[in-house]
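Descriptive analysis of the structure
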Amino acid sequence: LEILVTILNMNDNSPVFKQTNLTKVVPEDTKVNATIVAREDLSASDADLDIIFYELTTIVAGTDGYFAIKGVNNPEIYLQKTLDYEKFNSTTLVLYARDRPVGSTDTTNTATTTINIFIEQVDTKPPWFQPCTFINTDKSICISSPYTGRVNISEMSTEPLILEPGPIYAIDPDYTLNEKIVYSIVGGDTDKVFSVDADTGNLTMNKLATSPDSYLLQVMATQVNNIQKYSIASVEIKVINKSNHAPYFESRIYNGTVFVGLAPRSFVFQAGNLSSPLRITAADDDFPNV
């Protein structure tokens, strides 16, 4: 008597990941399509020798679409979209491993592993002069207005010049790195009238300004660790005559006459001289011929 016994492989085992929790640090400037987690670190095994089907999901709002797997049977995770530390600096992915395709009506066993992704900020932006205004919604570009100041002609100032809208100052927008920034004048000062402090950005005078023409300086802010990370700001210094006298009214009291019922913006006349409009005048001894 010959008895043939056939043992059927029941689907009674779930897939198993080597690790159920992984952490990866990803530099912000990682290239699109680069591998983030290798296939061998994510492949699940199945004691039933079933083909494993994978699905990757993101559980942090606003971070969907940046990471993906190579295929339904290949769990290698790669970067699908350019990262920006300003948008988010971490996310959590969940990788599902199933022994039947998604949507199958057969009994399906499932395993999951969690991948914690931390974005590492890198030196991607040049310095920003302050104050500055963002010109795009993701706040990746910030434009500053020109600085302005003034000096008296033929007069030496020994203190840092007062500028508007504030002193020369730049920041490293890659704020977790906060690289040191130095300042220099790179244009508009052929006579070497001005100097800028490399560390503080304070603008001072080396000698007298003898011409009434304005100076339009170009000041550069450069990262010490990378001279290719720099920005240029314009600084206009107006040269003016020094004011030694305050303006004054030529009369202490002015008397005028108006008529009842006059329309708005009608003339007020001199008291006692109804043919001459009242004139209020001031003078300044710094400008005797004006």
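Look a little higher up for the structure.
The model shown is predicted, which means the values in this text are computed figures rather than measured ones.

**Topic: the environment of Leu-95**
Along the chain, Leu-95 turns up in strand E6 (residues 90–98). For the pair Leu-95 and Ser-211, spaced 116 residues apart in sequence, the C-alpha separation works out to 72 Å. Aside from chain neighbours lying at most four places away, what touches Leu-95 is Phe-17, Leu-42, Tyr-54, Glu-55, Leu-56, Ile-69, Pro-75, Ala-111, Thr-112, Thr-113 and Ile-115.

**Overview of the nonpolar core**
Of all hydrophobic cores here, the largest spans 25 residues; its most connected members are Phe-67, Ile-77 and Ile-115. Ignoring any residue separated from it by four or fewer positions in sequence, one finds Ile-115 in contact with Leu-22, Val-37, Leu-42, Ile-77, Thr-91, Thr-92, Leu-93 and Leu-95. By size, the runner-up hydrophobic cluster in this structure holds 23 residues, among which are Phe-129, Met-205, Leu-217 and Val-239.

**Let's talk about the sheet that holds strand E7 (residues 110–120)**
Taken together, four strands build an open sheet; the order of strands is E1-E7-E6-E3 and the sheet is mixed. Two strands bound the open sheet, and with one partner strand each, they are strand E1 (21–27) and strand E3 (53–58). Neighbour-to-neighbour, the strand axes of this sheet turn through a mean angle of 25 degrees, independent of strand direction. Looking at chain direction, E6 and E7 are connected through nine bridges and run antiparallel. Paired with Leu-95 across the bridge in E7 is Thr-113.

**What about the sheet that holds strand E5 (residues 74–79)?**
Within the open sheet, the three strands sit side by side as E2-E5-E4. Their pairing is antiparallel. Strands at the two margins of the open sheet, each flanked by one partner only, are strand E2 (35–37) and strand E4 (67–71). Strand-to-strand twist in this sheet, taken as the mean axis angle between neighbours without regard to direction, amounts to 50 degrees. As judged from the two bridges shared by E2 and E5, these two strands associate in the antiparallel manner. Bridge pairing in E5 places Val-37 opposite Ile-77.

**Considerations on the pairing of strand E11 (residues 147–152)**
A one-sided burial pattern is seen for E11, the buried positions being Tyr-147, Gly-149 and Val-151 and the unburied ones Thr-148, Arg-150 and Asn-152. Of the strand pairs in this sheet, E11 and strand E17 (residues 226–240) are connected by six bridges, and their pairing is parallel. Pairing of Thr-148 across the sheet is with Glu-236, part of E17.

**What to know about the pattern of salt bridges**
Two side chains that carry opposite charge are able to pair once their charged atoms sit near each other. For the structure shown, the criterion picks out four salt bridges. The salt bridge partner of Asp-50 is Arg-100, with a shortest N-O separation of 3.7 Å. Linking Asp-50 in the loop between helix H1 (39–42) and E3 with Arg-100 in the loop between E6 and E7, this pair joins segments that are 50 residues apart in sequence. What makes Arg-100 buried here is its relative accessible area of 19%. Arg-98 is the salt-bridge partner of Glu-55, the closest N and O atoms lying 2.8 Å from each other. A residue pair is termed long-range when its members are at least 10 positions apart, and Glu-55 in strand E3 and Arg-98 in strand E6 qualify at 43 residues. Here Arg-98 falls in the buried class, since its relative accessible area comes to 17%. Taken together, the shared-partner salt bridges in this structure form one network comprising Asp-50, Arg-100 and Asp-106.

The rules we used
- Position numbers for residues count from 1 along each chain, tracking the sequence in the order it is written.
- Since the coordinates come from a predicted model, pLDDT governs what is reported: local features require at least 70, and pairs of side-chain atoms require 80 or more to be given and counted, while whole-chain, interface and lining totals use all residues.
- Water and hydrogen atoms play no part in the side-chain values, which are based on all heavy atoms of the structure.
- By the criteria applied, helices consist of DSSP H or I runs no shorter than four residues and strands consist of E runs no shorter than two, each listed in order from the N terminus.
- The contact criterion used throughout is that any non-hydrogen atoms of two residues lie within 4.5 Å.
- As used here, the term nonpolar core means buried Ala, Val, Leu, Ile, Met, Phe, Trp, Tyr and Cys residues forming a set that is joined through side-chain atoms within 4.5 Å.
- A 1.4 Å probe rolled over the protein chains alone gives each residue an accessible area, and that area as a share of the maximum for its type sets the label: buried under 20%, exposed over 50%, partly exposed in between.
- Being paired, for any two strands, means DSSP has found at least two bridges between them.
- To define axes, lines are fitted to C-alpha atoms, for helices over the stretch in contact only, and angles between the resulting N-to-C directions are given on a 0 to 180 degree scale.
- Note on definitions: salt bridges are taken to be side-chain nitrogens of Lys or Arg within 4 Å of carboxyl oxygens of Asp or Glu.

This is a description of form; function is not addressed.
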